[in-house]
Amino acid sequence: MSTPEQELLAVSEKLLQCIDGGDWDGYAALCDEQLTCFEAEAKTHLVVGMPFHKFYFDLPPSGHKQQSTIASPHINVVGDVGIVCYTRLVQRTTDNGPTSSSANETRIWRRDASGWKLIHCHRS
Ligand code: GLY
């Protein structure tokens, strides 16, 4: 039997696998439709909802590979809400060979009858 913290780490890893693999259906299934987000692509604006995110999944495949690793996770559970903070290490192949980058992410999850759903993310 998993603890809520183990579940949240697993669901966070699954979400990043969906992003890296371009799996929109898998990503959308893990997100609340009213997902809010601050991320670099939104240029300091708060984005609400899924269409902003779908844009990236709908781009033609680049042919490059991407893999994310969660480093130094910190997970706090408050009732049916989970706050997951970590550094995301991203490895990508490019035309000039592999590159790595990192960003700090906070993801807030809410548990409903179907499991954990992402309700907010912040990447910086
Ligand atoms: N930009 C989508 C995500 O990080 O959840």
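Refer to the structure printed above.
Residues numbered from 1 in each chain as written. Predicted model: local features only at pLDDT ≥ 70, side-chain atom pairs only at ≥ 80, totals over all residues. Heavy atoms only, no water.

**Comments concerning the site of the ligand**
All residues in the neighbourhood of the ligand are listed as Ile-19, Tyr-27, Glu-39, His-53, Arg-107 and Arg-123. Between the ligand and Tyr-27 there is a distance of 2.7 Å, counted from an oxygen atom to a side-chain nitrogen or oxygen. A distance of 2.8 Å is found between a nitrogen atom of the ligand and a side-chain nitrogen or oxygen belonging to Glu-39. Protein chains shield 90% of the accessible area of the ligand, which is 200 Å² for the free molecule. Tallied by class, residues from the shell around the ligand come to two nonpolar, one polar and three charged. (Near = heavy atom within 4 Å. Polar contact = N/O pair within 3.5 Å; in protein donor to acceptor, adjacent residues only side chain to side chain. Areas by Shrake-Rupley, 256 points an atom, 1.4 Å probe, with all protein chains shown as cover. Nonpolar A, V, L, I, M, F, W, Y, C, P; charged D, E, K, R; others polar.)

**So, a nonpolar patch on the surface**
Judged by side-chain polarity, Phe-55, Tyr-56 and Leu-59 come together as a nonpolar surface patch covering roughly 300 Å² of accessible area. Checked against the element boundaries, Phe-55 lands in helix α3 (residues 51-57). (Patch = residues over 30% accessible without salt bridge, like charges linked within 9 Å, V, L, I, M, F, W, Y side chains within 5 Å. Salt bridge = Lys/Arg side-chain N within 4 Å of Asp/Glu carboxyl O. Helix = DSSP H or I, 4+ residues; strand = E, 2+ residues; numbered from the N terminus.)

These figures capture arrangement, not role.
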